[in-house]
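Spelled out, the chains give:
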Amino acid sequence: MKKSNPKIFLFLTLCLFLVIHNSYGQKSTVSGVLLDSESEKPLSFVQVALFEDSDSSSPEIFGDTDENGRFSLLVNSGEYDFKAFFLGYSDLIISNIEVSGAVDLGTLQLARENQSLEEVVVETSKMPVRTTMEGITITPENNLANTGGTVLDVLRNTPSISVSEDGSVSLRGSSGTNILINGRNSSLTNNLDQLPASAVEEIRVINNPNARYDAEAEAGVIDIVLKKGLELGTHGGLEATYGTRNRTNLGGRISHRSLKLNTYAGYNYRNWKSIGTRESTRILFEDNESLVQNTDNTDHDIGHNLNYGADYYFGNNILSYEGVFQSSENWQTNTLYAEQIKQDNLFNYVRRNSENETDDGFDNALIFEHSFKEKGHLIRASASHSFRNQYKTQNIEIFNNSKNPNPENLTGKEKAFTDEIRNISVLQADYIRPLESGKFETGLKSTIRKFDNDYQYLRFEEGSQEFVNDPAISNQFIYKDQIHAGYFVFSQSNPKFEYALGLRGELTKVDTYLANTNESNDQSYFNLFPSVQGLYNLNENHALKITYSRRIDRPRAWRLNPFPDITDSLNVRRGNPELEPEMINSFELGHLANFDKSSFTTNLFYRKVNGQMDFITLVEDGISYSQPDNLLSSQSYGVEFIATSEINDWYSLNGGLTLFQIAVDGSNIGEEFTNSGFSWNVKMTQDFKLPWGINFQLVGNYESPEIEAQGRDLAQYYFDGSLQKSFFEGKGSLTFSARDIFDTRRFAGSSLTNSFSQDFYSKRETQIYLLSARFNF
């Protein structure tokens, strides 16, 4: 049989489509140009449509403007309403347009939406950092330093934020942050180094959130908003990064949007290798004992990240589905060389730990939103579930009385298996009702979590030549909690003054279970969390703000889990099931100055924490045990400066300076756990537009020493640089990045108590070079 030619089939199908399309009647063109009402510059990618009825959600025809702000819509003769809408601008509506031939609407202007209590932003939308009433908003793709990186890389370059050696995030000196994905609680936030920066639309840092947000977290909220299609039509992009040690990052995304349906998907593959070293010295005063340890580390991680979703628009309703899938596998080898001197006796040993970890997780969310006729009057309901399964295998080889980890020196073997499953389910409903000069918001939310950690530890017995389970260490820890919340926020505004008053109530139920001892710990408590926000507009450029919120920081499951981490048998880390939540009162007073091409924000802040959670190190029988405990309190206060500015056509900068004093009172445990100190950090990003379409960026970071309950972390600083060349009228680019140009970034610190002192120094491979290519369509 002769096969049909697919090209002929496609051609006939296209012809049939054109015949049917043109059989409905004579078409006419409706055209025009859209400009920004303030700058009078053309607006590209503005969504435009013609409706037979102004209340209809189904257009007769739609499209978007080109790079010169021009649009052209082909429609049958008749009477229509024209609508233009674009994010950040008020809708433009022209009613009763009679179309019987070509219609030229001429030059039209879109006005920016009025600034409000929730968003006072600088007009330079291309800046990577924008200041808002509640904090700052970061756009990763506007910062060259984020090319080929992860969310942790973005946060490292964000004012007021610090990222520690283990990837934990601190804001204004506090590690108690509530990290969300698309505004929802997610188990995937425990693995931010697997989330690529290219998948993120923006990150919102909310220093002093109101009652609309969970009361969880001492320092505030970090909301990671993933990309989804926003523009009509089909759009997408491809990205590839290659760097030293064969580091590879590949990604692609695509979206298609009509006025009825929006679908989108993005995928990233990451293959990352790294090496590092760690040194520590511990001295026990009473026993005249010293322990010197040096660890060599190799790390190889392969990860896959997929985000996808759809929005369906019908009537005044939107039904959305959002999904994220992550899968990764990690291989690590840590070789620890130790020298212990006790009462003039020397003991050497080597401990090599080979780890393999698989980590799979997904998020699913269904969101329904109904808008009433009055603009801004809506009800929104959502249901989401987040799942994560982490399985880790450790093979430990011990070489006692030796400095050489050769097979002939092997004296012992151990194994450990960790199987952890995390489930988070969230149900939420919100209602927003505009008032004559304000707004009323209320809502309900239930969060249900279950974390199941099954840990098995085995020792090799020479007699039986088998690995035997050690019941003194092996265990299963199950953590469950439920948080049921309700809130309301009432706000009023006039040209001079705006304010918002909120109150949130949260009922918390916690249940922990330790299998090998059959121990359970149940807690139930109810708390109220008020919030106050105020904004006084001095004039069109300057405003004063004041905020207050009461918050809570509950112990995470891993902090309650008493399982010991025995990767290093002389430095054991474990949780504390007796931990209680922190209660926080947070105040902020600020000044905002916004101009055409720059903004300056100054914030004075004060935070009082009762029951401060901090890690305490105790030494027993020559073994160092590190575990969290509740201190009496802590206080921190300081000032924060954030600036963004386009100095001229070829130079712009943004950055932040934070200065703060911390005082920790652990006198309930012992006088040696009381400490105080001054810290500061500065981050600055400079962008230069060079000839031949080349952009150059230089990023500098400095973090001063910072106190802990028993010591302090030392200063760290580094510089990153990037060069980018654009191609194909800005659709494509090639970027060369140098991370940690002078190879100065490391983590170091010291602890000092009445019984011991300890110093550590850790250096990862941070001086790396990356070449990235990107193309958008």
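Check the entry above for the structure.
Conventions used here
Residues numbered from 1 in each chain as written. Predicted model: local features only at pLDDT ≥ 70, side-chain atom pairs only at ≥ 80, totals over all residues. Heavy atoms only, no water. Buried < 20%, exposed > 50% of the residue type's maximum accessible area, 1.4 Å probe, protein only. Helix = DSSP H or I, 4+ residues; strand = E, 2+ residues; numbered from the N terminus. Pairing = 2+ DSSP bridges. Salt bridge = Lys/Arg side-chain N within 4 Å of Asp/Glu carboxyl O. Axes fitted to C-alpha atoms, helices over the stretch in contact; angles between N-to-C directions. Polar contact = N/O pair within 3.5 Å; in protein donor to acceptor, adjacent residues only side chain to side chain. Contact = heavy atoms within 4.5 Å. Core = buried A, V, L, I, M, F, W, Y, C linked by side-chain atoms within 4.5 Å. Phe/Tyr/Trp six-rings, centres within 6.5 Å; stacked < 30°, edge-to-face > 60°.

### Digging into the pairing of strand β1 (residues 27-36)
With eight of ten residues buried, β1 lies mostly within the body of the structure. Two strands pair when backbone bridges link them, and β1 and strand β4 (residues 70-76) are joined in this way by seven bridges, in the antiparallel orientation. Among the inter-strand pairings, V30 is bridged to a residue of β4, identified as L73. Where β1 and strand β7 (residues 103-110) come together, six bridges link them in parallel fashion. Paired with L35 across the strands is Q109, a residue of β7.

### Considerations on the pattern of salt bridges
What the rule picks out here adds up to 27 salt bridges. Close ionic contact of R554 with E216 constitutes a salt bridge, the shortest N to O distance being 2.5 Å. On the criterion of sequence distance, the pair formed by R554 in the loop between β28 (542-553) and α3 (557-560) and E216 in the loop between β13 (200-206) and β14 (220-226) is long-range, its members being 338 residues apart. E216 carries the same exposure label as R554, and that label is buried. Put simply, R282 and E289 hold a salt bridge, and the shortest N to O gap is 3.7 Å. Look at E289 and you get buried, because its relative accessible area is 2%.

### Details of the sheet that holds β1
Reading across the sheet, the three strands line up as β4-β1-β7 and stay open at both edges, with mixed pairing between neighbours. Among the strands making up the open sheet, the edge pair consists of β4 and β7. Geometrically, the sheet is characterised by an average inter-axis angle of 25° between neighbouring strands, direction not taken into account.

### Describing the side chain of Q612
Examined against the element boundaries, Q612 turns out to sit in the loop between β31 (598-610) and β32 (613-620). Side-chain polar atoms of Q612 contact the side chain of S634, separated by 2.5 Å. Setting aside anything within four residues of it in sequence, one finds Q612 in contact with E218, E582, D629, N630, L631, L632, S633 and S634.

### Let's talk about the sheet that holds β32
With mixed pairing, the three strands of this open sheet are ordered in space as β29-β33-β32. On the outer flanks of this sheet lie β29 (571-573) and β32, each paired with one strand and no other. Here the strands of the sheet are splayed against their neighbours by 30° on average, with no regard to which way each runs. Pairing geometry for β32 and strand β33 (residues 623-630), over eight bridges, is antiparallel. From the neighbouring strand, V619 faces β33, where its bridge partner is S624.

### Details of the nonpolar core
Among the nonpolar cores identified, the biggest contains 24 residues, and V151, L155, I203 and I224 are the most heavily contacted of them. The set of elements that each furnish at least two residues to this core consists of β9 (135-138), α2 (151-156), β10 (161-163), β11 (169-171), β12 (177-181), β13 and β14. Looking at which element gives the most residues to this core, the answer is α2, with four residues. Setting aside anything within four residues of it in sequence, one finds I224 in contact with V151, I179, L180, I181, N182, L192, L195, V200, E202 and I203. One finds L34, Y80, I97 and L108 within the second-largest nonpolar core, a separate group that totals 20 residues.

### Remarks on the packing of aromatic side chains
Inspection of the entire model under this criterion finds 21 aromatic pairs. Both rings, one in F71 and one in F82, keep their centres 5.2 Å apart while their planes meet at 20°; by these two values the pair is stacked. One end of the pair, F71, is in strand β4; the other, F82, is in strand β5 (residues 78-85), with eleven residues separating them in the sequence. A relative accessible area of 4% places F71 in the buried class. The interplanar angle of 10° and the centroid separation of 6.3 Å between the aromatic rings of F736 and Y769 together place this pair among those described as stacked. One end of the pair, F736, is in strand β41 (residues 732-739); the other, Y769, is in strand β44 (residues 768-776), with 33 residues separating them in the sequence. Its relative accessible area of 36% is what places Y769 among the partly exposed residues. Counting every residue linked through ring pairs, the aromatic cluster contains W650, Y651, F688 and F696.

### Considering the pairing of strand β37 (residues 694-703)
With ten bridges joining them, strand β36 (residues 675-690) and β37 adopt antiparallel strand pairing. Among the inter-strand pairings, T685 is bridged to a residue of β37, identified as V699. Here β36 folds back onto β37 in antiparallel fashion, the turn holding three residues, of which W692 has a positive phi close to 60°. Looking at chain direction, β37 and strand β40 (residues 716-727) are connected through ten bridges and run antiparallel. Bridge pairing in β40 links I694 to K725.

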